[in-house]
Amino acid sequence: ATTEVGNLFAWLRESLQPPPIDQLEKELTARAPAAHGLTVLPFVAGERAPGWNDHARASIVGFTLNTRPVDLVQAALEAIAYRFSLIYGRIKPHLAGHQHQIIASGGGLLSSPAWLQIMADVLGEPIVALTEKEITSRGIALLGLQQLGVIHQMSELPPTTGHTYLPNREHHARHQPAIERQVAIYERLVRHPVE
């Protein structure tokens, strides 16, 4: 569980006023991964997984006079993907030998092709986007149908999938040192802060 995605993106849009979504999507898609020189800890509302630290705070390292709003947006989206990468790194050994998919569902950023490509590149795994935006409501409705006997199993009505985002191996490799920088900064600022 993470809380960074919606909270951080809302703050960025309100505070930095980056370009409109369509233009921002185009800019993010065209940019090289992790080339902005920033390292972000995305904890605007504390940290959930993997550190579970309510007192963790957001940080931006590497900010200069040349840093633009789109740099901050890209760095923040990558930072969130890096947190997912750390979580996935803990889960992945348990998936060995099992068929699995990484599925993105919901609205907001999960409707962003640029964001989903960043996630695929960072994780080094395909990301399958669902077309349904309210997957939690859908799940509740399916549970109701199951309880009423209309369906026997929720799997009888699988959600509709959309585009699959395939990872770019070169981009994946470029993200690895950035993940290591984020972990090192996390260790200094969150796990072992100087008093």
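Residues numbered from 1 in each chain as written. Predicted model: local features only at pLDDT ≥ 70, side-chain atom pairs only at ≥ 80, totals over all residues. Heavy atoms only, no water.

## Some thoughts on the overall build of the protein
Secondary structure assignment for the protein yields 6 helices and 5 strands. Reading the secondary structure of the protein in the N-to-C direction produces α-α-β-β-α-β-α-β-α-β-α. Computed over C-alpha atoms, the radius of gyration of the protein comes to 18 Å, within 12% of the 16 Å expected from 2.2 N^0.38 for 195 residues, which places it in the range of a compact globule. Dimensions of the protein, computed from the C-alpha atoms along their principal axes, are close to 60 × 40 × 35 Å. Counting every position in the protein, which comprises 195 residues, the buried fraction comes to 39%. (Helix = DSSP H or I, 4+ residues; strand = E, 2+ residues; numbered from the N terminus. Rg over C-alpha atoms; globule rule 2.2 N^0.38 Å. Buried < 20%, exposed > 50% of the residue type's maximum accessible area, 1.4 Å probe, protein only.)

## Thoughts on the sheet that holds strand β4 (residues 127–130)
Pairing is mixed in the open sheet, where 3 strands are placed in the order β3-β4-β5. The sheet is open, and its two edges are formed by β3 (102–104) and β5 (161–165), each paired on a single side. The mean inter-strand angle of the sheet, taken between neighbouring strand axes irrespective of direction, is 30°. Across 3 bridges, the pairing between β4 and β5 is antiparallel. Across the sheet, Leu-130 pairs through a bridge with Thr-161, a residue of β5. (Pairing = 2+ DSSP bridges. Axes fitted to C-alpha atoms, helices over the stretch in contact; angles between N-to-C directions.)

## Description of helix α5 (residues 135–147)
Along an α-helix, a turn takes 3.6 residues, which lines up residues three or four apart on a common side. If you check α5, its first and last C-alpha atoms are 18 Å apart, about what 13 residues at 1.5 Å a residue would give, namely 18 Å. If you check which residues of α5 are buried, you get Arg-138, Gly-139 and Leu-142. For α5, the angular spread of the buried residues around the axis is 100°, confining them to a single face. More than 90 degrees from the buried face of α5, the exposed residues found are Thr-136, Ile-140 and Gln-147. Immediately beyond the C-terminal end of α5, within one or two residues, lies Gly-149, with a positive phi of roughly 85°. (Expected span 1.5 Å × (residues − 1). Arc of directions from axis to C-beta.)

## Considering the packing of aromatic side chains
Using the criterion set out here, one finds 1 aromatic pair in the structure. Aromatic side chains Phe-43 and Tyr-186 sit 5.9 Å apart centroid to centroid with 70° between the ring planes, which places their arrangement in the edge-to-face category. Of this pair, Phe-43 sits in the loop between β1 (39–41) and β2 (59–61) while Tyr-186 sits in helix α6 (residues 169–191), and the two are 143 residues apart along the sequence. For the pair shown, Phe-43 and Tyr-186 are each scored as buried. Above the plane of the ring of Tyr-186 lies Arg-83, whose end atom (NZ or CZ) is 4.7 Å from the centre. (Phe/Tyr/Trp six-rings, centres within 6.5 Å; stacked < 30°, edge-to-face > 60°. Lys NZ or Arg CZ within 6 Å of the ring centre and 35° of its normal.)

## Things to note about the packing of helix α2 (residues 21–30) against helix α3 (residues 69–95)
Following both chains from N to C, one finds α2 and α3 inclined at 70°, their axes separated by 11 Å at the closest point. Relative to α3, α2 is oriented roughly perpendicular. Considering the relative orientation of α2 and α3, their crossing is right-handed. For the pair formed by α2 and α3, the contact residues are Leu-24, Glu-27 and Leu-28 on the first element and Val-70, Val-73, Gln-74 and Leu-77 on the second. Residues of the contact of α2 with α3, tallied by class, amount to 5 nonpolar, 1 polar and 1 charged. (Parallel < 35°, antiparallel > 145°, perpendicular 65-115°, else oblique. Left-handed = near helix turned anticlockwise from the far one by under 90°. Contact = heavy atoms within 4.5 Å. Nonpolar A, V, L, I, M, F, W, Y, C, P; charged D, E, K, R; others polar.)

## Observations regarding the environment of Ile-60
Assignment of secondary structure puts Ile-60 in strand β2. Looking at Ile-60, the relative accessible area reads 41%, which means it is partly exposed. For the pair formed by Ile-60 and Ile-185, sequence separation is 125 residues and the distance between their alpha carbons is 9.9 Å. Beyond its immediate stretch of four places on either side in the chain, Ile-60 contacts Leu-38, Thr-39, Val-40 and Leu-72.

## Describing the nonpolar core
Judged by nonpolar contacts, the single largest core of 35 residues is most densely connected at Leu-28, Val-73, Leu-77, Trp-115, Leu-116 and Ile-127. Contributing elements (two or more residues each) for this core: α1 (4–16), α2, α3, β3, α4 (113–123), β4 and α6. If one sorts the elements of this core by residue count, α3 sits on top with 11 residues. Residues Leu-41, Phe-43, Ala-56 and Val-190 belong to the second largest nonpolar core, which totals 6 residues. (Core = buried A, V, L, I, M, F, W, Y, C linked by side-chain atoms within 4.5 Å.)

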